[in-house]
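Residue-level listing of the chains:
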Amino acid sequence: MTREILTSTLAALSAELADAKRQASSLNIQMAKLQASRREAYYEEQDYPDSAGRLQSLTKHVGPLNERRKQLTALQERLGRIGQALSSDKTAWESERATYESVVGLLGRIERQIVVPAPVAAPEPEADERAFKPTTLLGIAGRSVLDARKAALNPNDETAVRYEERLEAAFAAFLDIIGDKPLNYYLPIHMQDFATVLARVPKNRSKYSIFKGLSLKEMAEKNAKLPANQRKQCLAESTVESNLSEVKNIWTRVAAGVPGLRDMSGYRVTMPAGTEKAIDREPLAVSSINIWLRDAVTPKRLKKPHQSWLPLAALLTGMRLAELIYLNKADIVDVEGNEVIDVRRPLLINGEEIDRPLKTKTSKRIVAIHPLLRDSGFIEFAKNTRGNDGFVFSRYLNADDPPDAAQKQMSNWMHAIKIHETQRQVFHSLRHNAKHWFRLHAGDRLADLQCGHALDSVSAKYGYKYLEPEEVQKVMAIPALKGVDFSPFIPR
């Protein structure tokens, strides 16, 4: 493109120079003619006086013609210099251009001689579909964690199943309150937001029609707007803390496989003001125990022995209600001359052997039978039971959730005899009575082994994991609970 412009410019200047040369030549001819005419007019003026006017007219044109001639001469010289410069530049440019074209041609020939292999695309690395990204929704990533846990879960382990249900409920609550967002959306402070709303959610909300169809956040807002005398009791502090713990558990597992996410598990939440404080269960008052035992042997209660024996059995063994519900007469065995309850054994239901539903690993244990259980007639009752598959409290096993059914009946019974106090004085309080009783007379280690609690020190963990025969005898030898009247079960 540059060469064409330069050539065109040079041609135009050359044409202008040629035209200037032609004008100069024409002007020379005109000047020559004018000078001849002037000389002729001069001589005529000498000979003929009337020719003076013509001479003056010719002389008047000489000045401008001379000036034009000078201009044309200067233009001719300038154009000549430009032409020479352009001609010189053209020569240099053409030389450079020739060198450039030569190099380009050489490179082209070299390039044709080099065979460049086509790039080979790297294979895509194999990735698990659960290799989530920061933009993945929490609902999807969290669901994969819960599904993986559920797949590994023993369906017969009721404790594990219930914990899984709590995880599911807490996860659903978090998505309801905070929202199902990409993983990189969540901030640690969202745990505080979750707790703040959750602490205002009404307890037993499914029982109230006014909350039907509302989200948890909407329930909290609606309940807060109710008059004080109509406002429903909100979730307790322990429930809020439990939900926080479960969500943190899920988040920790999700974040472990996704880089760059914020650490929400370590965020310290401030419990909202006004949250109902957790109530610590206490041992049942001795006076309440005596009321209960007297009522247990009334004709009305004895018609339902699956109910009337539960309080006494819980008090003297320290067993949980769910453990007693699945007690089988085959669990009462002799170990080196001592009759004990062995809850390490699997259950046999409809001819199929299944794992016994227990709360923790340490719940698998040997339970010493105190003489009061034998004297009261409970061991005889248990051994002679005609319940299905030999279960002592088989009536409860017909329910969808046997421990829950038993818990509700015990709660109703305690309310009826006016010894129930919400969260504080409940059926589980009897386990507190038993633990205090065993600890007082047999020591911490034997009390933990008897009740199925984890040993709380390294030194305590040394030794046998279950009660040994001499330890069983120690438990059997402890005195009766002080102040408790067992006479309704043990006639004089």
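Rules and cut-offs
Residues numbered from 1 in each chain as written. Predicted model: local features only at pLDDT ≥ 70, side-chain atom pairs only at ≥ 80, totals over all residues. Heavy atoms only, no water. Pairing = 2+ DSSP bridges. Helix = DSSP H or I, 4+ residues; strand = E, 2+ residues; numbered from the N terminus. Axes fitted to C-alpha atoms, helices over the stretch in contact; angles between N-to-C directions. Contact = heavy atoms within 4.5 Å. Salt bridge = Lys/Arg side-chain N within 4 Å of Asp/Glu carboxyl O. Buried < 20%, exposed > 50% of the residue type's maximum accessible area, 1.4 Å probe, protein only. Parallel < 35°, antiparallel > 145°, perpendicular 65-115°, else oblique. Nonpolar A, V, L, I, M, F, W, Y, C, P; charged D, E, K, R; others polar. Core = buried A, V, L, I, M, F, W, Y, C linked by side-chain atoms within 4.5 Å. Phe/Tyr/Trp six-rings, centres within 6.5 Å; stacked < 30°, edge-to-face > 60°. Lys NZ or Arg CZ within 6 Å of the ring centre and 35° of its normal. Left-handed = near helix turned anticlockwise from the far one by under 90°.

Novice: Whenever I open this one, the sheet that holds strand 5 (residues 366–368) confuses me. Can you help?
Specialist: Spatially, 1-2-5 is the arrangement adopted by the three strands of the open sheet, whose pairing is antiparallel. The outermost strands of the open sheet, each flanked by one partner alone, are strand 1 (332–335) and strand 5. Direction aside, the axes of adjacent strands within the sheet are offset by 50° on average. In the packing of helix 19 (residues 469–476) onto the sheet, the strands contacted are strand 2 (338–342) and strand 5, and the crossing angle to strand 2 comes to about 95°.

Novice: I tried to follow the pattern of salt bridges on my own but got confused; where do I start?
Specialist: Opposite charge on two side chains makes pairing possible when the charged atoms of those side chains draw close. All chains considered together, the criterion is met by 19 salt bridges. Among the ionic pairs, Arg439 bridges to Asp444, the shortest N-O distance being 3.3 Å. Accessibility expressed as a relative area gives 38% for Arg439, which makes it partly exposed. Taking the relative accessible area as the measure of exposure, Asp444 reaches 48% and is therefore partly exposed. Note that Glu471 and Arg445 form a salt bridge whose closest N and O atoms lie 3.4 Å from each other. Here Arg445 lies in helix 17 (residues 444–451) and Glu471 lies in helix 19, a separation of 26 residues in the sequence. Residues joined by salt bridges that share partners form a network here, namely Arg143, Asp147, Lys150 and Glu168.

Novice: In this structure, what is going on with unusual backbone geometry? I would like to understand it.
Specialist: Most of the time, phi is negative for any residue but glycine, and the peptide bond is trans. Of note in this structure, Asn204 is not a glycine but carries a positive phi near 50°. Relative to the assigned elements, Asn204 resides in the loop between helix 5 (189–198) and helix 6 (216–225). The phi torsion at Glu336 lies on the positive side, around 55°, for a residue other than glycine. Here Glu336 shows up in the loop between strand 1 and strand 2.

Novice: Sorry, what's going on with the environment of Pro188 here?
Specialist: With respect to the element layout, Pro188 can be found in the loop between helix 4 (158–178) and helix 5. Look at Pro188 and you get partly exposed, because its relative accessible area is 22%. For the pair Pro188 and Tyr267, spaced 79 residues apart in sequence, the C-alpha to C-alpha distance is 5.9 Å. In contact with Pro188, other than residues within four places in its own chain, are Arg262, Asp263, Met264 and Tyr267.

Novice: Explanation requested: the packing of helix 3 (residues 138–152) against helix 7 (residues 237–255) in the structure shown.
Specialist: Two quantities define a packed helix pair, namely the angle between the helix axes and the distance between the axes. For the pair helix 3 and helix 7, the least separation of the axes is 9 Å and the interaxial angle reads 100°. The orientation of helix 3 relative to helix 7 falls into the category roughly perpendicular. Two secondary-structure elements touch here, helix 3 through Leu138, Ala141, Gly142, Val145, Leu146 and Arg149 and helix 7 through Ile250, Trp251, Arg253 and Val254. Looking at the contact of helix 3 with helix 7 residue by residue, the class counts come to seven nonpolar, one polar and two charged.

Novice: Any chance you could explain the nonpolar core here in plain terms?
Specialist: As a rule of thumb, soluble globular proteins bury nonpolar side chains together. Core analysis: the biggest nonpolar cluster contains 64 residues, and Trp292, Leu310, Phe427 and Phe486 have the highest contact counts within it. The dominant element in this core, judged by the number of residues it contributes, is helix 11 (residues 310–317), at six residues. In this view, Phe427 contacts Trp292, Leu310, Pro311, Ala314, Leu321, Gln407, Met410 and Met414; residues no more than four positions away in its chain are not counted. If you look at the next biggest cluster of nonpolar residues, it comprises 36 residues, including Val145, Val201, Trp251 and Met271.

Novice: Sorry if this is basic, but what is going on with the packing of aromatic side chains here?
Specialist: How two aromatic rings sit relative to each other is set out by the distance from centre to centre and by the angle between their planes. Within the structure shown, the criterion is met by 13 aromatic pairs. Between Phe378 and Phe393, the aromatic rings sit 6.4 Å apart at their centres with planes inclined by 20°, giving stacked as the arrangement. Here Phe393 lies in the loop between helix 14 (378–383) and helix 15 (402–416) and Phe378 lies in helix 14, a separation of 15 residues in the sequence. The same class applies to Phe378 as to Phe393, namely buried. In this structure an aromatic cluster arises from ring pairing among Phe174, Tyr185, Tyr186, Phe194 and Trp251. The ring of Tyr185 has Lys181 lying over it, and the distance from NZ or CZ to the ring centre is 5.6 Å. The ring centre of Tyr466 lies 4.7 Å from the NZ or CZ of Arg344, which sits over that ring.

Novice: Please clarify how the packing of helix 5 against helix 7 should be interpreted in this entry.
Specialist: For the pair helix 5 and helix 7, the least separation of the axes is 10 Å and the interaxial angle reads 150°. Relative to helix 7, helix 5 is oriented so that their crossing is right-handed. Facing helix 5, whose interface residues are Met191, Phe194, Ala195 and Leu198, helix 7 presents Val240, Asn243, Leu244, Val247 and Lys248. Looking at the contact of helix 5 with helix 7, its residues break down into seven nonpolar, one polar and one charged.

Interpretation in functional terms is not warranted from these geometric data alone.
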